[in-house]
Amino acid sequence: MRETPRSQGTAGDTGAEHPQPRFGRAFAHTTGDSGSGTPCRSDGHPPQTPRGVWLTDADGRPGTTPPVPGRPAHFPERSRTPRRSRPLLRRSRPLFRGSRLLFALCALLFSLITWQAAAGGPLRAADERLGLALARQGPRPLTEFLADLGGMPVALPVLAVVIGYALWRGQRAGALAVALAMAAVPLLVVPLKIWIGRPGPLTEATGYYPSGHTATAMVAYGGSALLLAPYLRLSPGTRRNLAVPVAVLLTLATGTGLVLRGYHWPLDVLGSLALCGMLLLVLRRVLRALDTPRALAKRPRLSRSTRRSSGRTPTG
């Protein structure tokens, strides 16, 4: 015969027992007060499972236990703009401020020298005494060679070679800017020579202020140095140009040769340096403005995946 399965218990049995916990399962509730026999939460006891305990964060909002990996919602989102593109404008502002100050100093010096050269003040008298003392001093071949460095047969071919090299490298706008600066030299110097009408140290002829040779040398060699700046830097991260000291040396050598040979007064040379200094400052700013879009175009751009990964903070 088959045995009838034994009933586990009825409501009237005195030997009824509480449900026993099974292995492998979470026991969600416990019994209430002693002897109540009611496995529920209405008896005032807090739940015994960790899921019922809610923790709050520093702002009083409910959190999660354990912490969920990822970026918290209350943290501000980082900017996706690459960091290297920001300091460009910050570095250029002090540079332009220094250029404006230097431009103002050159303008003030040029105005003072021109006024003294035209009006015949005490500065012109001291300049004439110094010029007569320095005239025809030093070896003639050396001083003649130094004075010829500012002549058009020497300075203009150097500038033409540099402009050709810049055109070959694709720097058309910069080469045009330097050529226009060189073309502006006679437009600035010749009217001043006619207006001032200052005679030379060893001649009665007029038209020696400002010095045309000094202006030609300064713009030709200085413009060449500025045009070669992207190719002759000491390192990619620096702005030091190896051609600038060479241009300064050639310009000073030209002025020294002109004074020692007796071709110009010292104030003639200083006036040309101040005038062409303003012209080169404007040229440098124009070249930097033309070179900025090219530098930004060559800068590597970050992909979306790289920007997303950089915007996240590691957890754990």
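Please read all numbers here as calculations on a predicted model, not as lab measurements.

*Asks:* Can you explain the overall build of the protein? Please cite residues and give values.
*Replies:* Along its length, the protein carries nine helices and zero strands. The N-to-C order of helical and strand elements in the protein reads α-α-α-α-α-α-α-α-α. Out of the 316 residues belonging to the protein, those deemed buried represent 28%. Considering only contacts in the protein between residues 6 or more positions apart, those separated by 24 or more positions represent 71%.

*Asks:* Account for the packing of helix α4 (residues 152–168) against helix α6 (residues 212–227), naming residues and giving values.
*Replies:* Relative orientation and spacing of two packed helices are given, respectively, by the angle between their axes and the distance between those axes. Interhelical geometry of α4 versus α6 gives an angle of 20 degrees and a closest axis separation of 9 Å. As summarised for this structure, α4 and α6 are arranged roughly parallel, according to the angle between their axes. The way α4 lies across α6 gives a crossing that is left-handed. In this structure, α4 contributes V154, A155, V158, L159, V162, I163 and A166 to the contact, and α6 contributes T216, A220, Y221, S224 and L227. Split into classes, the residues belonging to the contact of α4 with α6 amount to ten nonpolar, two polar and no charged.

*Asks:* Could you give me a rundown of the nonpolar core, with the residues and numbers involved?
*Replies:* One finds F110, V185, V219 and L283 to be the most contacted residues of the largest nonpolar core, which totals 42 residues. Of all the elements in the fold, those that place two or more residues in this core are α1 (87–119), α4, α5 (172–196), α6, α7 (243–261) and α8 (266–298).

*Asks:* Now, about the packing of aromatic side chains: what can you tell me, with residues and values included?
*Replies:* The final tally for this structure, using the stated rule, is two aromatic pairs. Between Y165 and W168, the aromatic rings sit 6.0 Å apart at their centres with planes inclined by 45 degrees, giving tilted as the arrangement. Highlighted residues: Y165 and W168, both in helix α4, separated by three residues, approximately one helical turn. According to the relative accessible area criterion, W168 is exposed, its value standing at 68%. Ring geometry for Y165 and Y231: centres 5.6 Å apart, planes at 85 degrees, overall edge-to-face. Separated by 66 residues along the polypeptide, Y165 in helix α4 and Y231 in the loop between α6 and α7 bring together distant segments of the chain. Three or more aromatic residues joined by ring pairs make a cluster, and in this case those are Y165, W168 and Y231.

*Asks:* So, the environment of I113: which residues are in play, and what are the values?
*Replies:* For I113, the location among the structural elements is in helix α1. I113 gets classed as buried once you look at its relative accessible area, which sits at 2%. It is 7.9 Å that separates the C-alpha atoms of I113 and L270, two residues lying 157 residues apart in sequence. Aside from chain neighbours lying at most four places away, what touches I113 is Y209, L267, L270 and G271.

*Asks:* An account of a nonpolar patch on the surface is needed here, citing residue identities and associated values.
*Replies:* Residues F103, V282, V286 and L290 make up a contiguous nonpolar surface patch of roughly 300 Å² in combined accessible area. Here the nonpolar patch gets three residues from one element, more than from any other, and that element is α8. Locating V286 in the fold gives a position in helix α8. A residue is classified by how much of its surface remains accessible, and V286, at 36% relative accessible area, is partly exposed.

*Asks:* Which residues make up the side chain of D127, and what values do they have?
*Replies:* The topology assignment puts D127 in helix α2 (residues 122–134). Taking relative accessible area as the criterion, D127 reaches 6% and is therefore assigned buried. Separated by 2.8 Å, the side chains of D127 and R198 make a polar contact. If we ignore the near neighbours within four places in the chain, the residues touching D127 are R198, W265, P266 and L267.

Definitions and limits used
- Residue numbering note: each chain is counted from 1, following its sequence as written.
- In view of the model being predicted, local features appear only for residues whose pLDDT reaches at least 70, and side-chain atom pairs are presented and counted only at 80 or more, with totals across whole chains, interfaces and linings using the full set of residues.
- To obtain the side-chain values, all non-hydrogen atoms of the structure were used and water was disregarded.
- Helix numbers and strand numbers start at the N terminus; a helix is a DSSP run of H or I with at least 4 residues, a strand a run of E with at least 2.
- Any residue under 20% of the maximum accessible area for its type is buried, any over 50% is exposed, and the rest in between are partly exposed; the area is computed with a 1.4 Å probe on protein chains only.
- Working rule for contacts: check all heavy atoms of both residues, and any pair within 4.5 Å makes them a contact.
- Between the N-to-C directions of two axes lies an angle of 0 to 180 degrees, each axis being a line fitted to C-alpha atoms and, for a helix, fitted only over the stretch in contact.
- Angles are sorted into four bins: roughly parallel if under 35 degrees, roughly antiparallel if over 145, roughly perpendicular if 65 to 115, and oblique for all others.
- In this scheme, a crossing is called left-handed if the near helix is turned counterclockwise away from the far one by less than a right angle; it is called right-handed if the turn is clockwise.
- In this classification, the charged set is Asp, Glu, Lys and Arg, the nonpolar set is Ala, Val, Leu, Ile, Met, Phe, Trp, Tyr, Cys and Pro, and all remaining amino acids, among them Gly, are polar.
- Here the nonpolar core consists of buried residues drawn from Ala, Val, Leu, Ile, Met, Phe, Trp, Tyr and Cys, with membership extended through side-chain atoms lying within 4.5 Å.
- The criterion for an aromatic pair is that two Phe, Tyr or Trp rings (for Trp, the six-membered ring) have centres within 6.5 Å, with stacked assigned to planes under 30 degrees apart, edge-to-face to planes over 60 apart and tilted to the rest.
- Patch membership requires over 30% relative accessible area and the absence of a salt bridge. Like charges are linked within 9 Å, and nonpolar side chains (Val, Leu, Ile, Met, Phe, Trp, Tyr) within 5 Å.
- Note that accessible areas follow from Shrake-Rupley with a 1.4 Å probe, and for residues the cover is restricted to the protein chains shown.
- Salt bridges, as used here, are contacts in which a Lys or Arg side-chain nitrogen is within 4 Å of a carboxyl oxygen on Asp or Glu.
- Side-chain atoms alone can form a polar contact between residues adjacent in sequence; in general such a contact is a pair of N or O atoms within 3.5 Å, and within protein one must be able to donate a hydrogen while the other accepts it.

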